[in-house]
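Tertiary structure, described
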Amino acid sequence: MGVDDIEVTPPSIRRIARCRTPDCPAKNQPFEVVLYENHGDPKYVAVCGQCGDTITDLREIGPAT
C-alpha cells in the first residue's frame, strides 16, 4: 500500500438532531448524529431513521457536566 492508497476520512461534526415531521414517531426526540460535510447547501444534513425526512435543525452538543 503506497502513500496514494491511504484513505482520508473527511472532517465530521457531532450534533443533536430532532425530526420535525408532524406524523413521525420520532418527532421532537433528540438523537446524536455524526455528520460529514456536503458540497452543497446546507453543509450538514441528517436523515430521520423513522420517517426518512431530512433534518437541518441541528444543535451543537454542549460540554459534559
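Shown above is the structure to which this text applies.
Position numbers for residues start from 1 in each chain and track the written sequence from start to end. Thresholds applied to this predicted model are a pLDDT of at least 70 for local features of residues and 80 or more for the giving and counting of side-chain atom pairs; totals over whole chains, interfaces and linings are not thresholded and use all residues. Remark: hydrogens and water are excluded; side-chain values derive from all non-hydrogen atoms of the structure.

Looking at unusual backbone geometry
Across the junction of Asp41 and Pro42, the peptide omega takes the value 5°, indicating a cis bond. As for its position among the elements, Pro42 is in the loop between β2 (31-36) and β3 (46-47). Although it is not a glycine, Asn28 adopts a positive phi angle of roughly 65°. Every helix listed is a DSSP run of H or I at least four residues long, and every strand listed is a run of E at least two residues long, numbered separately from the N terminus. The residue Asn28 is located in the loop between β1 (12-17) and β2 in this model. Take Asn28: its relative accessible area is 35%, and that puts it in the partly exposed class. For the exposure calls, accessible area comes from a 1.4 Å probe over protein chains only, and a residue counts as buried if that area is under 20% of its type's maximum, exposed if over 50%, partly exposed in between.

Some details on the sheet that holds β1
Two strands are said to pair when DSSP picks up at least two bridges between them. Strand order in the open sheet formed by three strands is β2-β1-β5, and the pairing between neighbours is antiparallel. Only two strands of the sheet have a single partner each, and these edge strands are β2 and β5 (58-60). Here the strands of the sheet are splayed against their neighbours by 50° on average, with no regard to which way each runs. Here β1 pairs with β5 via three bridges, running antiparallel. Its bridge partner lying in β5, Arg15 is registered against Glu60. Axes here mean lines fitted to C-alpha atoms, for a helix over just the part in contact, with angles spanning 0 to 180 degrees between N-to-C directions.

Honestly, it's all geometry; don't read function into it.
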